[in-house]
Each structure stands twice: as structure tokens, then as C-alpha cells.
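Residues per chain are reported as follows:
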Amino acid sequence: MKTEVRRMIRDVLAIAKREGLCDDSLERELVVRLANREGRSYGGRKGGKPYISIAMRSVGWWYTPDDPKLDRLLKAWGRATGRKRDRVMAMLNRAKAGEGIWGEYASIANDPEIGTLYGDPADKLKPLAAVICHEIAHVIDWNCGALEIAGRKYGPAGSNHKNKWRAIYRLLRNAYVATGAYKPAPTAEIIEFKPTPRTTEPLELIGLPLFDIAA
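Residues numbered from 1 in each chain as written. Predicted model: local features only at pLDDT ≥ 70, side-chain atom pairs only at ≥ 80, totals over all residues. Heavy atoms only, no water.

**Notes on helix H5 (residues 125-143)**
Argument step 1. Look at H5: 26 Å from first C-alpha to last across 19 residues, which is about the 27 Å you get at 1.5 Å a residue.
Argument step 2. Most of H5 sits inside the fold, with 17 of its 19 residues counted as buried.
Argument step 3. Positive phi shows up at Gly145, right after H5, with a value of about 70°. (Helix = DSSP H or I, 4+ residues; strand = E, 2+ residues; numbered from the N terminus. Expected span 1.5 Å × (residues − 1). Buried < 20%, exposed > 50% of the residue type's maximum accessible area, 1.4 Å probe, protein only.)

Right under this line is the structure:
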């Protein structure tokens, strides 16, 4: 999994460079920490350097149809009240119906491009790709100065989860997650060619005479 994370970070940075969000120096200077812990992942600036930390034990779908806690969660949240209850119940019900669910912050959860992510529960890389886009967006937000995205200009300061970060995240997630570009390229199938052994039989025994014989 760590190999996949590092590949994805390179992929997303390549998209960012292609779209003019950063230059080669960001990848050279970026400090990457793949932490053996649960909890939140982080991206931004630390110790004067661009920094990203991925919580490796918490990457993946939040809810899946085979989650043994799903029925208990549905019952517990079904008794709750408020706006959060509605949001969580919507996710749990879609998991019960067969989807994998990865949640975003409430402020953007309903955004069709950067909100809560749904997909095939067997696709373990899709939610990981979303996490990496989310955190790389923070890295760019805090380290790459003033930017122009989709015709709108943003100042040099970091914006946390506000407009500048959202514009960066939207660009990265649309280009990487929505398109399926996060999936590794299929490996080429190698087919071994085995030539037919040369026969030692007399040619006339093969069934193809050397000459046509006129009667």
C-alpha cells in the first residue's frame, strides 16, 4: 500500500504541474510521512517545508455493505436528530444498498465534485486517491503562492478549507479520481512464442508432395 501511496502522490503532483499549480521544486522539497496510525491525514507546511502525512491505518472506505457495524450504526443514527443525522443516515443507507462510502467535511459533503465519495467497495484505491488529492490540495494551497484557477485569481495565503483550497481540490479530484486515472496501468501480458519443431520425417510422408504429377 505504501508503494501505491507514493505513486499516487507523484501522479497528483504531475497533474498539478501540468495545470500550472506548482513547479518541480514542490516535489523535490515535499516531506512525505506515511504514518502507521489511525486518524486524520494532513497536508500543508511544517518546519518551513511542504509536508504531507497519510494515516495509513485509516485510508479506505468509511462504510461498506459488509461492515459488521453497519446495522448497529443505522439503528443508532436512526434515533438521532439534526442535520448531521440526515447526512450520516444517507451515507449508511447507500452502504447498505451496496456502495462504498468515503465522507468529506460537512461544508462540502454535498458538492457533486468534491463532496462525499461513492463507489465500488472492492475498489480500495478510489478513497485513497481522494485522500491524496485532498491533502495535496492543502500542500499547494500553503506553499505555491498566488494562483489563477479556472479564470479566478487567488492570493498567496493559505485558505484552509475555503475557496482557494476548494478550487485546487476540485481540479485535482476531477482530473484524478473522477476520470479513474488513479488506477495503475495494466501490466503487459507476455506471450511466449514456441516455434514448431522441425520435422525429420521424409517430405512425402507429410502429405504435401514436392511436385504435381500430371496424368
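**Concerning the packing of aromatic side chains**
Argument step 1. Within the structure shown, the criterion is met by 3 aromatic pairs.
Argument step 2. A ring pair is formed by Trp62 and Tyr63, whose centres lie 6.4 Å apart and whose planes are at 85°; its orientation type is edge-to-face.
Argument step 3. Relative accessible area serves as the criterion here: at 15%, Tyr63 is assigned to the buried category.
Argument step 4. If you follow Arg94 out to its NZ or CZ, it ends over the ring of Tyr118, 3.5 Å from the centre. (Phe/Tyr/Trp six-rings, centres within 6.5 Å; stacked < 30°, edge-to-face > 60°. Lys NZ or Arg CZ within 6 Å of the ring centre and 35° of its normal.)

**A look at the side chain of His134**
Argument step 1. When you line up the elements, His134 lands in helix H5.
Argument step 2. At 2.7 Å, the side chain of His134 forms a polar contact with the side chain of Glu104.
Argument step 3. In this structure, His134 is in contact with Glu104, Tyr105, His161, Trp165 and Tyr169, ignoring residues within four places of it in sequence. (Polar contact = N/O pair within 3.5 Å; in protein donor to acceptor, adjacent residues only side chain to side chain. Contact = heavy atoms within 4.5 Å.)

**Some points on the pairing of strand S2 (residues 42-46)**
Argument step 1. Looking at chain direction, S2 and strand S3 (residues 49-55) are connected through 5 bridges and run antiparallel. Its bridge partner lying in S3, Tyr42 is registered against Ser53.
Argument step 2. Hairpin connection of S2 to S3: 2 residues between the antiparallel strands, including Gly47 at a positive phi of 60°. (Pairing = 2+ DSSP bridges.)

**Brief notes about the sheet that holds strand S1 (residues 31-35)**
Argument step 1. Strands sit in the order S1-S3-S2 across an open sheet of 3 strands; the sheet is mixed. Of all strands in the sheet, those bounded by a partner on one side alone are S1 and S2. Sheet twist, expressed as the average angle between the axes of neighbouring strands with direction ignored, equals 20°.
Argument step 2. Note that S1 and S3 share 5 bridges and pair parallel. Bridge pairing in S3 places Ala35 opposite Ala55.
Argument step 3. On the sheet, helix H1 (residues 2-18) packs against S1 and S3 and is oriented at approximately 150° with respect to S1.
Argument step 4. On the sheet, H5 packs against S2 and S3 and is oriented at approximately 25° with respect to S2. (Axes fitted to C-alpha atoms, helices over the stretch in contact; angles between N-to-C directions.)

**Here we look at unusual backbone geometry**
Argument step 1. Phi angles above zero are rare outside glycine, and Ala150 is one such case at about 55°.
Argument step 2. Relative to the assigned elements, Ala150 resides in the loop between strand S6 (147-149) and strand S7 (152-154).
Argument step 3. The exposed category is assigned to Ala150, whose relative accessible area is 86%.
Argument step 4. The phi dihedral of Asn160 is positive, around 55°, even though this residue is not glycine.

**Looking at the environment of Ala175**
Argument step 1. Take Ala175: it is sitting in helix H6 (residues 163-176).
Argument step 2. Residues contacting Ala175, with those up to four places away along its chain left out, are Ile15, Arg18 and Ala181.

**Concerning the layout of surface pockets**
Rolled over the atoms, a probe sized like a water molecule indicates the empty space that remains.
Argument step 1. Taken as a whole, the largest pocket spans an internal volume of roughly 440 Å³.
Argument step 2. Surrounding the largest pocket, 18 residues form its lining, Arg40, Ser41, Tyr105, His134 and Glu135 being those nearest its centre.
Argument step 3. Element by element, the count of residues in the lining of the largest pocket is highest for H5, at 4 residues.
Argument step 4. Taken together, the residues of the lining of the largest pocket sort by class into 7 nonpolar, 8 polar and 3 charged. (1 Å grid on protein atoms, 1.4 Å probe; cavity = no way out; pocket = protein on both sides within 12 Å on 5 of 7 lines; lining within 4 Å. Points joined across faces, edges and corners; volume = space filled by probe spheres on them. Nonpolar A, V, L, I, M, F, W, Y, C, P; charged D, E, K, R; others polar.)

**Re the pattern of salt bridges**
Argument step 1. Counted under the stated rule, the structure contains 13 salt bridges.
Argument step 2. We note a salt bridge from Asp24 to Lys17, for which the minimum N-O separation is 3.2 Å.
Argument step 3. The residue Glu113 makes a salt bridge to Arg170 at a minimum N-O spacing of 2.7 Å. With Glu113 in the loop between strand S4 (100-102) and strand S5 (117-119) and Arg170 in helix H6, this residue pair connects regions lying 57 residues apart in the sequence.
Argument step 4. Of the residues examined, Arg170 reaches a relative accessible area of 25% and is grouped as partly exposed.
Argument step 5. Linked by salt bridges that have partners in common, Glu4, Arg7 and Asp11 make up one network. (Salt bridge = Lys/Arg side-chain N within 4 Å of Asp/Glu carboxyl O.)

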